[in-house]
Each structure stands twice: as structure tokens, then as C-alpha cells.
Amino acid sequence: MKTRKTNLYLALSMAIVSVAGASPAMTQSAYDAQFITYPTYNGDDLELTVDNSGTHFRLWSPKAQEARVNIYDNGRFGKPLQTLEMKADPSNGTWTASVPEKLYGKYYTFQIKFDGKWKDETPGVWAKAVGVNGQRAAIIDLAKTNPEGWENDKGPKVDNFTDVIIYEMHHRDMSEHPSSGIANKGKFLAMTEEGTVTPLGEKTGIDHLKDLGVTHVHILPSYDYNSVDETNLQDNVYNWGYDPQNYNAPEGSYSTNPSDPATRVREMKEMVKALHDAGIGVIMDVVYNHTAQNDESNFELTAPGYYHRHWDDGRYSDASACGNETASDRQQMRDYIINSTKYWADEYHIDGFRFDLMAIHDIETMNQVAEELKKVNPSIFVYGEGWTASDSPLAKDRRALKENVSKMKDVAVFSDDIRDAVKGHFSNASDRGFATGKPGVEETVKVGIVASTAHPQVDYSKSAGLKFAYAESPEMIVNYVSCHDDLCLTDKLKKSMEGASEKDMLDAAKLAQTIVFTSQGTPFMFAGEEIFRDKKGVHNSYKSPDSINAIDWGNKTKYKDQYEYYKGLIALRKAHPAFRMTTAADIAKNLKFDKIDSAKTPNLISYSLNNNANGDEWKEIKVVFNGASYPQTVDIKKGEWKKVVENGKVSPTGELGTTAGGKIELPPYSALILAREK
Ligand code: CA
């Protein structure tokens with residue numbers, strides 16, 4: 001997530017924070033002091049349990065003076081059927097109430113009295129099903145939402161996270177365009193439709209993903225969010241979904257009937273199952289770092305002041321730049337994040353979690369999240385943005401920052417180093433990068449190639465990013481050149497290469513992704529870039545209409561060559577473990593850069609993957625990148641080389657021809673990959 005506010009608003013809020021943040025450590029402890037006496041509760045019966053003895057409610061709200069549950073017949077309208085007074089259990093800060101019936105089909109809200117006043121109704125923070133627009137929690141039998149065969153459903157087994165190939169997609173982007181040929185446009189069910197094609201017969205939807213070969217999709221926020229009115233879907237309002245409302249229920253607008261609480265649950269599971277049946281894992285983007293609302297958020301309405309961080313003067317702190325930030329460093333919030341991700345992994349078989357603005361969370365929380373998820377499924381991949389959007393009261397050395405990734409076990413971070421070095425600065429549209437002819441960023445690209453691990457030939461003092469090898473293992477790094485945020489790759493190339501031919505841009509896109517897909521670490525791509533998808537130059541398209549965000553699948557015919565290249569790159573990476581080494585020591589030993597003086601010969605990088613690296617059948621793989629707008633020549637040592645990538649073509653088996661080495665010229669914006677078996 002970048003920001004949902006205007007730049008002006010962001011600048012203003014940052015200015016306020018910088019004043020308030022004069023002594024952040026102190027402000028935090030002063031505000032936090034009031035919670036020392038709060039009892040916490042980590043039972044699995046929080047808020048709602050239905051069993052043979054009836055329906056049971058347990059709300060955590062240590063400072064409530066009174067608490068009650070309202071039971072409704074309807075998810076949206078009408079007065080309560082009954083209101084139950086809750087009984088306090090001061091030993092753990094919870095309030096309980098029960099009825100002897102199983103209230104399936106009914107809805108409920110909690111209400112607490114705080115500071116002498118009844119607060120607004122809330123579905124609580126643990127609603128696993130909700131009525132339309134998420135205002136009331138729904139009581140459903142979750143077992144009845146399971147698709148056929150769900151008990152045997154499993155995502156792909158992952159031995160090493162460097163084997164994962166991530167495809168980031170938004171539900172509407174993928175299916176909304178008329179050219180998708182998909183019936184359930186913008187819905188979870190879109191990914192369950194097989195055999196969909198464009199009017200010209202190109203595969204779309206799940207068949208497209210299978211053909212492309214990615215191992216995992218990473219879906220943008222799919223929990224219930226706030227910005228789209230689920231009672232008014234005909235308006236086709238679009239949002240990325242970084243405005244969380246109910247963390248444990250799916251978003252209604254992606255279901256075929258948001259007014260029926262079970263439908264969204266069942267349809268999201270059907271999507272997961274269809275992808276799993278296709279051999280594709282499902283990673284969910286999670287935004288526990290802030291809530292859509294402040295005082296009216298479900299957190300605030302259940303335990304006022306507790307779940308969010310504040311500055312000492314009582315104002316919400318705002319490291320998300322969206323109005324508030326949550327407090328993972330407090331026990332009940334930490335347990336909440338752990339239990340919520342475990343719930344998605346368990347109930348929805350989710351295979352990974354991408355943490356938005358992860359550095360708002362503390363290191364300890366992220367370590368516990370990863371450790372607990374491993375117990376559910378060792379293949380679960382946890383990664384996130386190792387930064388915040390603004391200052392936080394949480395001390396820097398406790399934040400789950402990129403620079404602290406080596407303090408986190410089984411957690412990876414995005415490499416903005418390789419992103420900005422390859423394509424140019426994310427916020428400066430005209431800035432170019434290595435792949436588009438900008439000199440001087442070769443060392444930062446090399447940082448990306450070795451996945452930010454210590455390497456004898458990489459001088460971190462010359463990196464544009466952090467000045468040290470911050471990753472102890474390549475499994476800690478996710479490499480990419482673009483994602484939903486900022487200008488997508490196509491738009492970035494159009495803005496920064498103004499005046500260049502489309503062929504040059506297509507070549508630069510291929511080069512940029514070749515760098516990503518051959519680098520150590522885990523590669524990540526943004527949906528549609530394989531067919532040169534653009535967003536009409538809109539960088540922050542979080543609420544732009546479908547006309548900006550939807551992928552035009554007609555591009556698949558128009559840019560067929562681009563698609564085949566991406567597909568080939570993915571097949572190459574999957575077939576060759578040398579690109580997927582698992583330890584920093586292996587990379588330091590097997591990856592050797594050729595000596596090139598970047599001052600004299602800029603935009604040229606050449607390296608070898610030696611020693612049948614990581615069990616590869618190829619003894620040596622030579623990888624060369626020319627990011628210049630003119631041809632450059634390299635001298636390849638004599639040998640029996642097969643051509644794997646040359647002149648914008650890729651053959652994962654090295655069948656583009658052979659060469660005995662010697663001088664080889666690379667066209668502008670291109671990669672050369674050769675391999676030898678002896
Ligand atoms: Ca919603």
C-alpha cells in the first residue's frame with residue numbers, strides 16, 4: 001500500500017508527526033503505561049462459539065463498565081430480537097453471555113459502556129461471517145461452507161521459499177475487462193472458471209495462470225474492507241482494499257451475494273480450492289497495521305485506546321499515513337494477529353501472508369506469526385514491506401524493518417533496492433534505471449542479484465540502498481520491479497523512456513524481468529505485465545475505475561512475444577535450481593561476477609553461476625545484462641555454450657543455438673544467457 005490520502009494530506013500528517021515525535025520512545029512508554037494492568041485472554045472461544053450447549057459470547061474488553069449482545073434477525077435492518085447483558089470475568093478482561101439455542105441464521109453486535117456512555121454497536125473484532133457491509137456479525141455453521149473435497153484440499157508443498165514465483169493480482173483487475181471472457185467478473189468465483197478465452201481465443205483466468213507457470217498468486221486484500229458499498233454493487237466502485245473493517249471475514253463485493261453471510265465464505269474457499277487444484281498457492285495480502293476508521297473502528301468500539309498506538313498527548317499515531325496504526329507490541333493485539341493469520345491458514349487453507357507496511361509491527365510479533373504458521377503448514381510463506389509510511393512511536397530497533405530482516409526467522413522483505421535500481425525511482429516518474437540506460441546503479445543491481453546477502457564482490461558502500469548485507473539468507477528477499485503501488489512497469493517505461501520506440505520499451509521490460517527472474521531470492525511480478533498491461537499512467541490507482549485498473553486481455557494477442565518470453569523465463573527458473581540457491585554461503589561460493597569497470601562501461605553486468613550450483617544440471621550459466629541504449633560487447637570464455645536467452649528470446653532448455661564463446665554483442669536493453677554442461 002502506498003497511501004490512500006492525497007500527497008498534501010500526507011505531507012501535513014508527516015509534519016505533525018515530526019513535531020510529536022521529538023522523543024518517541026518516551027511518548028510511547030507514557031501512553032503504554034495504562035495497559036500494564038490489562039489482563040489478556042487468548043482462548044479460542046473469543047466472541048462467538050456455537051456448540052451442543054448453545055450459543056456463547058465472550059468479548060474481551062477489560063475496561064468496559066457494562067457489556068451487552070444484541071441479537072438480530074437481519075444483517076442490516078430492524079431492532080434487536082433480544083439483548084443479553086454480559087457478565088464480567090475480571091481475571092481475564094472478558095464478558096460472557098450464553099443462550100441454550102444454536103442461533104444459526106441470526107446476527108449479533110456487541111456494545112460496551114465506557115466512561116459512563118454506551119458506545120456504538122460493533123460486530124466485534126472476531127466476526128468470521130458478517131451481514132452486508134460488515135455492520136453485524138453473522139452466526140453461520142462454517143462446516144457447511146466447505147466446497148466438495150475441501151477436507152483433502154492442499155496448497156503446493158514448498159521446500160524452499162526461493163522456489164516460489166509470486167503473481168500479485170486484484171480480483172477485479174483479473175476478470176473485469178470484457179475481453180476476459182469470464183462470467184463472474186470481479187468475483188472470487190472468477191478464478192474457478194476453466195476454459196475462458198479472449199474473443200481471439202487466448203486463455204484467460206486460471207488457465208492463463210496455469211499456462212504462465214507461476215507457483216503462487218498473491219491476492220490483494222480480500223478480508224472485509226470498508227470502501228465499497230456492498231448494497232450498491234451496480235455502481236462498480238473499485239478499491240484495492242487497504243481499508244480493513246472485519247479482519248476475519250471475506251470482502252462482500254467479491255461474492256455473488258454479499259447479503260448472505262455464508263456465500264462470501266464459500267466462494268472464497270471455492271477460489272482457493274480451484275487454484276490449489278491447478279497447483280497454485282494462494283497468498284493473502286494482510287493489513288493488520290491500521291484500520292479504516294479511528295474511533296468507530298471495531299477495535300476502538302470493543303477496547304477503547306488499546307489496539308491502536310497513540311502519541312503521548314492522546315492523538316492517534318499514524319505510521320500507516322492512513323489515520324492510525326495498530327499496536328502489535330501489546331499482547332492482546334499480538335495474539336490477535338497471530339490467531340487471525342492462523343485462522344485464515346486453517347479455515348481457508350491460505351498458503352502465505354504478505355504484510356502491508358510490516359515495519360509498523362514489531363520484530364517479536366512477526367517472529368511469532370511465522371513460527372505459529374509453520375505449525376499449521378510448513379509451506380506457508382510470510383513476507384512484507386519492510387518499512388512504514390510515516391513515523392511511529394515504536395522504537396526503530398523493534399520495527400520489522402528491511403534492515404532488521406536477519407532478526408526474523410522465516411520472514412522475507414521486498415527488495416526496493418533492486419526495484420528502484422532496475423527501473424528507476426518509484427516516485428520520480430522520469431528517473432530511469434539500469435534496464436533503461438541510467439548509469440551508476442550497477443552495484444545496487446548486484447545487491448539484488450545476490451539477494452542482499454554478503455558477497456565478496458559486492459560493495460555495499462556503493463549501494464543506493466542499505467550499506468550492508470542485510471539478508472542472512474536469500475529466502476529473506478523478494479525481488480521485483482513493480483507491484484500494485486506506483487507506476488506499473490509499462491507505465492514507468494512509457495514515462496521514463498519518452499521518445500523511445502515501443503520496441504525499446506518492450507525490450508527494456510524483458511530485460512527488467514530477466515534480472516528479477518534470474519536473481520537469487522524469490523521473484524514477484526505484477527499481474528498483466530506479461531502482456532504489457534498498463535494503468536494509463538495512474539500511479540496510485542487504489543480507487544480508480546476499472547477503465548484504469550482492469551487488464552485488457554486483448555494485449556495477450558498484441559504482445560504475444562512478450563507473453564512467451566515471460567513464460568519462458570518462469571520455466572527457466574523452475575527448471576534450474578542455480579537461480580534458486582538457498583544459502584548465502586552457496587551464493588558467495590557459486591556466483592561470480594566478471595570484472596567490468598562500470599565507470600568506463602556502464603549498464604553492463606556479467607556473472608556466472610558455477611559448480612552445478614544448487615544441484616543444477618548445467619555446470620556454468622553465464623548471465624549478461626546490457627541496460628544501455630546502444631549495443632555492448634562481452635568476451636565469453638571459450639567453451640561449448642548453449643544459448644538460453646538471446647535477442648529477446650528464451651529457451652529454458654538452451655535450444656536457441658550454440659556458440660564457442662569469444663566476443664558477443666548484446667543489442668540495446670537486452671540479456672544474454674548461456675549454459676555449458678562441461
Ligand atoms: Ca466490505
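Along each chain, the written sequence defines residue order, and numbers are assigned to residues from 1. Local features in this predicted model are restricted to residues of pLDDT 70 or higher, and side-chain atom pairs are both shown and tallied only at a pLDDT of 80 or more, whereas totals for entire chains, interfaces and linings draw on every residue. Only hydrogens and water are set aside; all other atoms, that is, all heavy atoms of the structure, feed into the side-chain values.

**Some words on the sheet that holds strand E16 (residues 381–384)**
Read around the barrel, eight strands follow the order E10-E11-E14-E15-E16-E17-E18-E19 and close on themselves; strand pairing throughout is parallel. Ignoring which end each strand starts from, the neighbouring axes of this sheet average 30 degrees apart. Looking at chain direction, strand E10 (residues 166–169) and strand E19 (residues 522–526) are connected through three bridges and run parallel. Bridging from a neighbouring strand, Glu168 pairs with Phe526 of E19. Between two residues, a contact is recorded if the distance between any of their heavy atoms is within 4.5 Å. Every angle, taken between N-to-C directions, lies between 0 and 180 degrees, and every axis is a line fitted to C-alpha atoms, over only the stretch in contact when it is a helix. Going along the chain from the N terminus, every DSSP run of H or I of four or more residues is numbered as a helix, and every run of E of two or more is numbered as a strand. Relative to strand E17 (residues 412–415), helix H9 (residues 416–423) is tilted by about 15 degrees, and along the sheet it contacts E17 and strand E18 (477–479). Should DSSP find at least two bridges between two strands, the strands are taken to pair.

**Structural notes on the domain arrangement of the chain**
Domain delimitation follows an automatic or database domain assignment. In terms of domain boundaries, the chain breaks down into domain 1 (42–121) and domain 2 (589–676). For domain 1 versus domain 2, the distance between C-alpha centres works out to 65 Å.

**Points about the coordination of the calcium ion**
Ligation of the calcium ion by protein atoms is provided by Asp224 (OD), Tyr225 (O), Glu230 (OE) and Glu251 (OE), these donors lying 2.2 to 2.4 Å from the ion. Any N, O or S atom lying within 2.8 Å of the metal counts as a donor, and for Na, K and Ca the limit rises to 3.2 Å; water is left out, so some sites can look incomplete. On the primary sequence, the residues serving as donors to the calcium ion are separated as D-Y-x4-E-x20-E. With a relative accessible area of 0%, Asp224 lands in the buried category. Judged by relative accessible area, Glu230 falls into the buried class, the value being 4%. When a residue's accessible area, from a 1.4 Å probe over protein chains only, is under 20% of the maximum for its type it is buried; when over 50% it is exposed; and in between it is partly exposed.

**Some thoughts on helix H4 (residues 205–212)**
In terms of burial, H4 is a largely internal element, six of the eight residues being buried. Just downstream of H4, Gly213 is the residue with a positive phi angle, here 100 degrees.

**Section: the sheet that holds strand E6 (residues 94–99)**
What the four strands build is an open sheet, ordered E1-E2-E6-E5; its pairing is antiparallel. Looking at strand neighbours, the two that pair on one side only are strand E1 (49–51) and strand E5 (87–89), the edges of this open sheet. Sheet twist, expressed as the mean angle between neighbouring strand axes with direction ignored, is 25 degrees. For E1 and strand E2 (residues 54–60), the ladder comprises three bridges, and the chain directions are antiparallel. Within the sheet, the bridge partner assigned to Asp51 lies in E2 and is Gly54.

**A look at unusual backbone geometry**
Phi at Asn133 takes a positive value of approximately 65 degrees, unusual for a residue other than glycine. Within the element layout of this structure, Asn133 appears in the loop between strand E8 (117–118) and strand E9 (137–138). Positive phi outside glycine occurs at Leu357, with the angle close to 40 degrees. Along the chain, the position of Leu357 falls in the loop between strand E15 (352–355) and helix H8 (363–376). A relative accessible area of 1% means that Leu357 is categorised as buried.

**Quick word on helix H11 (residues 489–496)**
Most of H11 is tucked away, with six of its eight residues classed as buried. Within H11, burial applies to Leu489, Thr490, Asp491, Lys492, Leu493 and Ser496. Among the structural elements, H9, helix H12 (502–518) and helix H15 (560–575) are those in contact with the buried residues of H11.

**Some details on the environment of Val272**
Here Val272 shows up in helix H5 (residues 261–277). In this structure Val272 comes out as buried when scored by relative accessible area, which is 0%. C-alpha of Val272 to C-alpha of Ile350: the two residues are 78 residues apart in sequence and 7.6 Å apart in space. If near-sequence neighbours (up to four positions away) are discounted, Val272 is found in contact with Trp150, Asp153, Val282, Tyr348, His349 and Ile350.

**Looking at the packing of H11 against H12**
As a packed pair, H11 and H12 sit with axes 10 Å apart at the nearest point and diverge in direction by 130 degrees. As summarised for this structure, H11 and H12 are arranged oblique, according to the angle between their axes. Where H11 crosses over H12, the handedness of that crossing is right-handed. Residues Leu489, Leu493 and Lys494 of H11 form the contact with H12, whose own contacting residues are Met505, Ala508, Ala509, Ala512 and Gln513. In this count, Pro and Cys sit with the nonpolar residues alongside Ala, Val, Leu, Ile, Met, Phe, Trp and Tyr, while Asp, Glu, Lys and Arg are called charged and the others, Gly among them, polar. In terms of residue class, the contact of H11 with H12 is built from six nonpolar, one polar and one charged. Every angle not falling under 35 degrees, over 145, or within 65 to 115 is termed oblique; those three ranges are roughly parallel, roughly antiparallel and roughly perpendicular. By the definition used in this description, the sense in which the near helix is turned from the far one sets the handedness, with an anticlockwise turn below a right angle giving left-handed and a clockwise turn giving right-handed.

**Here's the deal with the packing of aromatic side chains**
Only rings of Phe, Tyr and Trp enter the pairing, Trp through its six-membered ring, and a pair is recorded when the two centres are within 6.5 Å. The plane angle decides the type: under 30 degrees is stacked, over 60 is edge-to-face, the rest tilted. Taken as a whole and judged by the stated rule, the model has 39 aromatic pairs. Taking 5.2 Å as the distance between ring centres and 80 degrees as the angle between the ring planes, the aromatic pair formed by Phe299 and Tyr336 counts as edge-to-face. Note that Phe299 is positioned in helix H6 (residues 298–302) and Tyr336 in helix H7 (residues 331–347), a separation of 37 residues in sequence. This pair shows no difference in class: Phe299 is buried, exactly as Tyr336 is. A cation over an aromatic ring shows up here: Arg68 above the ring of Trp118, its NZ or CZ 3.7 Å from the ring centre. One residue, Arg136, lies across the ring of Tyr72, its end atom 3.5 Å from the ring centre. Note on geometry: a ring has a charge over it if NZ (lysine) or CZ (arginine) is within 6 Å of the ring centre and within 35 degrees of the ring normal.

**Some details on the nonpolar core**
What we call a nonpolar core is a set of buried Ala, Val, Leu, Ile, Met, Phe, Trp, Tyr and Cys residues that are connected through their side-chain atoms within 4.5 Å. Tyr167, Phe355 and Phe625 are the most contacted members of the largest nonpolar core, which has 142 residues in total. At nine residues, the largest contribution of residues to this core is made by H12. Looking at which domains feed residues into this core, each of domain 1 (42–121) and domain 2 (589–676) gives three or more.

**Topic: the state of the cysteines**
Our working definition of a disulfide is a cysteine sulfur pair at a distance within 2.5 Å. Taken as a whole and judged by the stated rule, the model has zero disulfides. Summary of cysteine pairing: Cys322 is not part of a disulfide, and the nearest cysteine sulfur, belonging to Cys483, is at 15 Å. Relative accessible area serves as the criterion here: at 6%, Cys322 is assigned to the buried category. With no disulfide of its own, Cys483 lies 10 Å from the sulfur of Cys488, the closest cysteine sulfur.

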